[in-house]
Amino acid sequence: MVKRFYPLLAGGGILLAVVTVVAAQVGGDASLDPVSMTISQYAAHDGGGAIETAMAVLGLASLALLAGMRALDAPVHGWPARLIGVWSVSLIGAAVVPSSTAWQGELHGVLSVAAFVSVPAAAIQLVGRLGQDERWKAAVRPLEWLTLASGLGLAAITYVALPGHGVMIGLVERLLLTAEVAVLGVLAVRLAQLTWGPSLRERIGRHAGFMVHR
């Protein structure tokens, strides 16, 4: 029974985190520039706590997604599970640790790198595994495109952060984060379909049969 709540926790948490981050930046301090500031830098200067909360929620939602996939015996064992765990823990850690001092800022940077690398690495392995599982095949095609987008985004942010001298790093980071969250979103939607779909079809079938025999 508990596993039926995993899709709700995963999907609802991902959606809530996205809405919170967007709202915090749209309605945030006009002097802050999302194009040139990373999310961690923006959160440190904004001071409202909304972005940190969204990061923690996203980390917890990702753990719920992982637990839900494991409950359905999805082929997520091994490195994919570890990498999603690294992503989740890194997000929660970045949300909890303040970034007001130099060493805290460096820690945020390490956590961000760990998080951003983890999802594309996990997705690359999951594409092949899920393609061999009939239950998850429907998620493979969008996952392939999002994995490609995540990989390109990771390459772009690496270039921008090093030889690019941080030009438009905030924009590149947000595009990369969008692709990575979309990867999790696709998995959460498929998890919901597999968890709730059979019972919903059964109820619809019973209702249709009842209407026919009335």
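Just above sits the structure.
What this report covers is the structure whose coordinates are included nearby. As a convention, each chain's residues are numbered from 1 in the sequence order in which they are written. Under the rules for a predicted model, residues below a pLDDT of 70 receive no local features and side-chain atom pairs below 80 are neither given nor counted, while totals for whole chains, interfaces and linings still include all residues. Only heavy atoms go into the side-chain values, all of them from the structure, while hydrogens and water stay out.

Let's shift gears to the overall build of the chain. Numbered from the N terminus, helices here are DSSP runs of H or I no shorter than four residues, and strands are runs of E no shorter than two. Assigned secondary structure in the chain consists of seven helices and zero strands. Expressed as a percentage of the 214 residues in the chain, the buried residues total 43%. Contacts are assigned to residue pairs with any non-hydrogen atoms lying within 4.5 Å of each other. Here the contacts in the chain between residues at least 6 apart in sequence split such that 73% fall between residues at least 24 apart. Total accessible area computed for the chain in this model is approximately 11400 Å², and 70% of it derives from carbon and sulfur atoms. For each residue, the accessible area found with a 1.4 Å probe, counting protein chains only, is set against the maximum for its type, and the residue is called buried under 20%, exposed over 50%, and partly exposed in between. Exposure was quantified through the Shrake-Rupley algorithm and a 1.4 Å probe, taking into account, for residues, occlusion by the shown protein chains and nothing else.

With that settled, the discussion passes to the side chain of Arg 174. Tracing the backbone shows Arg 174 in helix H7 (residues 169-212). Neither His nor the chain ends contribute to the count of charged residues, in which Lys and Arg are positive and Asp and Glu negative. The salt bridge criterion pairs a side-chain nitrogen of Lys or Arg with a carboxyl oxygen of Asp or Glu, the two atoms within 4 Å. Nearest to the buried, unbridged Arg 174 among oppositely charged side chains is Glu 173, at 4.4 Å. There is a polar contact of 2.7 Å between the side chain of Arg 174 and the side chain of Gln 25. Pairing of N or O atoms within 3.5 Å defines a polar contact, subject to two protein rules: one partner must be a possible hydrogen donor and the other a possible acceptor, and residues neighboring in sequence count only if both atoms are side-chain atoms. A polar contact is formed between the side chain of Arg 174 and the backbone oxygen of Gly 170, at a distance of 3.0 Å. The residues contacting Arg 174, other than those within four sequence positions of it, are Gln 25, Pro 34, Met 37, Thr 38, Ile 39 and Tyr 42.

Below, the discussion takes up the packing of aromatic side chains. Each aromatic pair joins two rings of Phe, Tyr and Trp (for Trp, the six-membered one) with centres within 6.5 Å, and gets the label stacked for planes under 30 degrees apart, edge-to-face for over 60, and tilted for any other angle. Counted by the stated rule, this structure contains zero aromatic pairs. A ring is considered to have a charge above it if a Lys NZ or an Arg CZ atom is located within 6 Å of its centre and within 35 degrees of its normal. When the ring centre of Trp 79 is taken as origin, the NZ or CZ atom of Arg 82, which lies over that ring, is 5.0 Å away.

Grouping into patches uses exposed residues only, defined as over 30% relative accessible area, and leaves out salt-bridged ones; the cut-off is 9 Å for like charges and 5 Å for nonpolar side chains (Val, Leu, Ile, Met, Phe, Trp, Tyr). Residues Val 35, Val 167, Met 168, Leu 171 and Leu 175 make up a contiguous nonpolar surface patch of about 440 Å² in total accessible area. Relative to the elements of secondary structure, Leu 175 occurs in helix H7.

For helix H1 (residues 6-26), with 21 residues, the first-to-last C-alpha span of 30 Å sits near the 30 Å given by 1.5 Å per residue. Listed as buried for H1 are Pro 7, Ala 10, Gly 13, Ile 14, Ala 17, Val 21, Ala 24 and Gln 25. To estimate the expected span of a helix, count its residues, drop one, and scale the result by 1.5 Å.

Note on pairing: side chains with opposite charge can pair once their charged atoms come close. For the structure shown, the criterion picks out three salt bridges. The salt bridge involving Arg 135 is made with Asp 133; its shortest N-O contact spans 2.8 Å. The exposure class assigned to Asp 133 is buried, which follows from its relative accessible area of 14%. In this structure, Arg 141 and Glu 144 form a salt bridge, with 3.2 Å as the shortest nitrogen-oxygen distance. Remark: Glu 144 and Arg 141 occur in helix H6 (residues 140-161); sequence separation between them is three residues, near one turn of the helix. Accessibility expressed as a relative area gives 35% for Glu 144, which makes it partly exposed.

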